[in-house]
Amino acid sequence: MNGRAIPKTRVFVEICLDDGTAFSANMFVQNQSRLSDVLNDDRKFLPMQTIDGKLLAIAKTAIKYVTLPVGCGSGGESARHCRAPTHAVLSQAGSVGLPDEKV
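A brief structural summary.

About the criteria used
Residues numbered from 1 in each chain as written. Predicted model: local features only at pLDDT ≥ 70, side-chain atom pairs only at ≥ 80, totals over all residues. Heavy atoms only, no water. Salt bridge = Lys/Arg side-chain N within 4 Å of Asp/Glu carboxyl O. Buried < 20%, exposed > 50% of the residue type's maximum accessible area, 1.4 Å probe, protein only. Helix = DSSP H or I, 4+ residues; strand = E, 2+ residues; numbered from the N terminus. Polar contact = N/O pair within 3.5 Å; in protein donor to acceptor, adjacent residues only side chain to side chain.

### A few points about the pattern of salt bridges
For step 1, the next point in the chain: Scanning the entire structure with this criterion turns up three salt bridges.
For step 2, the next point in the chain: With its nearest N and O atoms 2.9 Å apart, the salt bridge here joins Arg-34 to Asp-37.
For step 3, the next point in the chain: Under the relative-accessibility criterion, Asp-37 is labelled partly exposed at 31%.
For step 4, the next point in the chain: Where Asp-41 meets Arg-43, a salt bridge forms, and the shortest distance between an N and an O atom there is 2.8 Å.
For step 5, the next point in the chain: Given the relative accessible area of 27%, Asp-41 is considered partly exposed.
For step 6, the next point in the chain: Each of Asp-41, Arg-43 and Lys-60 takes part in one network of salt bridges that share partners.

As structure tokens, then:
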């Protein structure tokens with residue numbers, strides 16, 4: 001591991017973009033951080049990895065909402081094996097929140 005690397009956890013999410021495109025991917029969240037911290041940080045792009053291993057950099061401004069399947073771990077489990085999803089919604093001001101966030 002690179003000495004400057006920050007340990008991160010993969011969090012399985014479903015993303016919907018403004019253009020209607022939807023996909024599942026792993027977001028990378030720093031240990032001891034929450035998903036909303038990542039969505040609200042200063043970066044303009046978020047690195048993600050799709051289920052098939054493709055690495056993406058998604059512009060935050062293109063995200064309509066993020067679904068965090070409740071009860072899913074960080075290993076890329078399929079959403080069909082999870083309980084009801086929780087939604088994070090990007091507000092007009094650009095901040096994102098998750099109700100009852102536990103990540």
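So that's the structure; there's more coming.
### Some thoughts on the environment of Arg-10
For step 1, the next point in the chain: In this structure, Arg-10 sits in strand 1 (residues 8-17).
For step 2, the next point in the chain: Judged by its relative accessible area of 38%, Arg-10 is partly exposed.
For step 3, the next point in the chain: Along the sequence, Arg-10 and Asn-31 sit 21 residues apart, while their C-alpha atoms lie 9.7 Å from each other.

### A look at the side chain of Lys-60
For step 1, the next point in the chain: Considering the arrangement of structural elements, one finds Lys-60 in the loop between strand 4 (55-59) and strand 5 (63-69).
For step 2, the next point in the chain: Classification of Lys-60 by relative accessible area gives buried; the value is 11%.
For step 3, the next point in the chain: Polar contacts involving the side chain of Lys-60 include one to the main-chain carbonyl oxygen of Leu-39, which spans 3.5 Å.

Any functional reading would require information that these geometric values do not contain.
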